[in-house]
Amino acid sequence: MTLTLDAHTAELTSVVAGEPDPLLFATVSGSHLYGFPSRDSDVDLRGAHLLPAEALVGLREPEETRGRTGDVNGVETDLVTHDLRKFARLMLRRNGYVLEQLTSPLVVHTTPVHAELTALVPGVLTSHHAHHYRGFAATQWRLFERTGELKPLLYTYRALLTGIHLMRSGEVQAHLPTLVGEVPEAPARIPDLVAAKTAAEHGAAEVPAEDVRAEVEALHGTLDAARAASGLPDSVRAGDALHDLVVRARPDVLQG
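Residues numbered from 1 in each chain as written. Predicted model: local features only at pLDDT ≥ 70, side-chain atom pairs only at ≥ 80, totals over all residues. Heavy atoms only, no water.

**Focus on the overall build of the chain**
Phase 1 of the analysis: Along its length, the chain carries 13 helices and five strands.
Phase 2 of the analysis: At 19 Å, the chain has a C-alpha radius of gyration in line with the 18 Å of a compact globule built from 256 residues.
Phase 3 of the analysis: In terms of principal-axis extent, the alpha carbons of the chain reach across some 65 × 45 × 30 Å.
Phase 4 of the analysis: Counting contacts in the chain only where the partners sit at least 6 residues apart, residues at least 24 apart contribute 73% of the total.
Phase 5 of the analysis: Here the chain has roughly 11,700 Å² of accessible surface; of this, 53% comes from carbon and sulfur atoms.
Phase 6 of the analysis: Here the chain contributes 23 positively and 34 negatively charged side chains, and the mean placements of these two sets differ by 5 Å. (Helix = DSSP H or I, 4+ residues; strand = E, 2+ residues; numbered from the N terminus. Rg over C-alpha atoms; globule rule 2.2 N^0.38 Å. Contact = heavy atoms within 4.5 Å. Areas by Shrake-Rupley, 256 points an atom, 1.4 Å probe, with all protein chains shown as cover. Lys, Arg positive; Asp, Glu negative; His and termini not counted. Charge placed at Lys NZ, Arg CZ, Asp CG, Glu CD.)

Structure below.
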């Protein structure tokens, strides 16, 4: 089945409700966010939690990243969250993946801190985010070459188009059907591939290998050109504001 947020909000909320520390946000990521879930796709939930200050300054190793699986009406869910400090560090490392999680429109749980983090996204975007999307696309392409599956091919297209759109517009857009309409160089075959993936999560890509290789190589070139012409800065501008938010969000830091 294809999970839609509107139909399963209560169930997804129950999945994230069992966290031992305050949850700052949880959103749907993965193929549901990217716009090509299959009937049997897992639901990837991503977010940030808030550890108490003593967990970060004591001798025990803090649980900065935690994950657990669940089930919603027979669909497996995978919840992974980072402590706010680690999540903020990832934002500063030009990690497009966490920015996609942060700005996902498929929101399961939110707080004012989530809104503040999202507002800081423009200040952490740089032209170097192109390297993230180039690298992710290359990894997925190698997986496609090894398996011939449709899923990694769509992930390859999605990463490259997200990077191109980001370099040109300064907007984090992870939804592949939307990107097809926003990026003129998007291959015409993508809507048909998205439709094909609905039937099976690990179905084979019935496409000429040489044709898609040429398309992917062309998109790499387009991404490089978009980065060279991008108006995005070379360095992060919101580092101080992000630091202040991380401190303010943990009220026990200020006690005493």
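**Considerations on the sheet that holds strand β4 (residues 75–83)**
As a general point, the strands of a sheet are linked pairwise by backbone hydrogen bonds and lie either parallel or antiparallel.
Phase 1 of the analysis: Read across the sheet, five strands follow the order β3-β4-β2-β1-β5 without closing on themselves; strand pairing throughout is mixed. Because the sheet does not close on itself, it has two edges, and the strands there are β3 (65–72) and β5 (107–109). Direction aside, neighbouring strands of the sheet carry axes that sit 25 degrees apart on average.
Phase 2 of the analysis: Across seven bridges, strand β2 (residues 43–49) lies against β4 in parallel orientation. Across the sheet, Arg-46 pairs through a bridge with Val-80, a residue of β4.
Phase 3 of the analysis: Where helix α5 (residues 96–103) meets the sheet, its contacts fall on β1 (23–29) and β2, and the angle it forms with β1 comes to roughly 100 degrees.
Phase 4 of the analysis: Helix-sheet contacts for helix α6 (residues 112–119) involve β1 and β5, and the interaxial angle to β1 is about 60 degrees. (Pairing = 2+ DSSP bridges. Axes fitted to C-alpha atoms, helices over the stretch in contact; angles between N-to-C directions.)

**Points about the pairing of β2**
Across a regular strand the side chains alternate sides, sitting on one face of the sheet and then on the other.
Phase 1 of the analysis: With seven of seven residues buried, β2 is to be regarded as a mostly interior element.
Phase 2 of the analysis: Every second residue of β2 is oriented toward a common face, with Val-43, Leu-45, Gly-47 and His-49 on one face and Asp-44, Arg-46 and Ala-48 on the other, all of them buried.
Phase 3 of the analysis: Where β1 meets β2, six bridges bridge the pair, whose relative direction is antiparallel. By the bridge assignment for β2, Thr-27 is matched with Arg-46. (Buried < 20%, exposed > 50% of the residue type's maximum accessible area, 1.4 Å probe, protein only.)

**Observations regarding the environment of Pro-37**
Phase 1 of the analysis: Of note, Pro-37 is situated in the loop between α2 (30–34) and β2.
Phase 2 of the analysis: A relative accessible area of 14% means that Pro-37 is categorised as buried.
Phase 3 of the analysis: On a C-alpha basis, the gap between Pro-37 and Glu-63 in space is 31 Å, while along the polypeptide they are 26 residues apart.

**Thoughts on the pairing of β1**
Phase 1 of the analysis: Among the seven residues in β1, seven count as buried, and that is most of the element.
Phase 2 of the analysis: Note that β1 and β5 share two bridges and pair antiparallel. Residue pairing for β5: Ala-26 is matched across the bridge by His-109.

**Quick word on the pattern of salt bridges**
Phase 1 of the analysis: Summed over all chains, the structure comprises 15 salt bridges.
Phase 2 of the analysis: One salt bridge connects Asp-83 with Arg-250, and the closest N-O pair in it is separated by 3.0 Å. Residue Asp-83 is found in strand β4, and its partner Arg-250 is found in the segment after α13 (239–248); the two are separated by 167 residues along the sequence.
Phase 3 of the analysis: What you see here is one network of salt bridges that share partners, running through Asp-21, Glu-63 and Arg-66. (Salt bridge = Lys/Arg side-chain N within 4 Å of Asp/Glu carboxyl O.)

**A word on the layout of surface pockets**
Phase 1 of the analysis: If you add up the space inside the largest pocket, you get close to 220 Å³.
Phase 2 of the analysis: The wall of the largest pocket is formed by 14 residues, among which Arg-85, His-243, Val-246, Val-247 and Arg-250 lie closest to the centre.
Phase 3 of the analysis: For the lining of the largest pocket, the secondary structure elements donating two or more residues are α3 (53–57), α4 (84–92) and α13.
Phase 4 of the analysis: Class assignment for the residues of the lining of the largest pocket results in nine nonpolar, two polar and three charged. (1 Å grid on protein atoms, 1.4 Å probe; cavity = no way out; pocket = protein on both sides within 12 Å on 5 of 7 lines; lining within 4 Å. Points joined across faces, edges and corners; volume = space filled by probe spheres on them. Nonpolar A, V, L, I, M, F, W, Y, C, P; charged D, E, K, R; others polar.)

**As for the packing of aromatic side chains**
Phase 1 of the analysis: Enumeration according to the criterion identifies six aromatic pairs in this entry.
Phase 2 of the analysis: Taking 5.5 Å as the distance between ring centres and 70 degrees as the angle between the ring planes, the aromatic pair formed by Phe-36 and Tyr-155 counts as edge-to-face. Of this pair, Phe-36 sits in the loop between α2 and β2 while Tyr-155 sits in helix α9 (residues 150–169), placing them 119 residues apart in sequence.
Phase 3 of the analysis: By relative accessible area, which is 1% here, Phe-36 ends up buried. (Phe/Tyr/Trp six-rings, centres within 6.5 Å; stacked < 30°, edge-to-face > 60°.)

Purely spatial values, then, with no claim about function.
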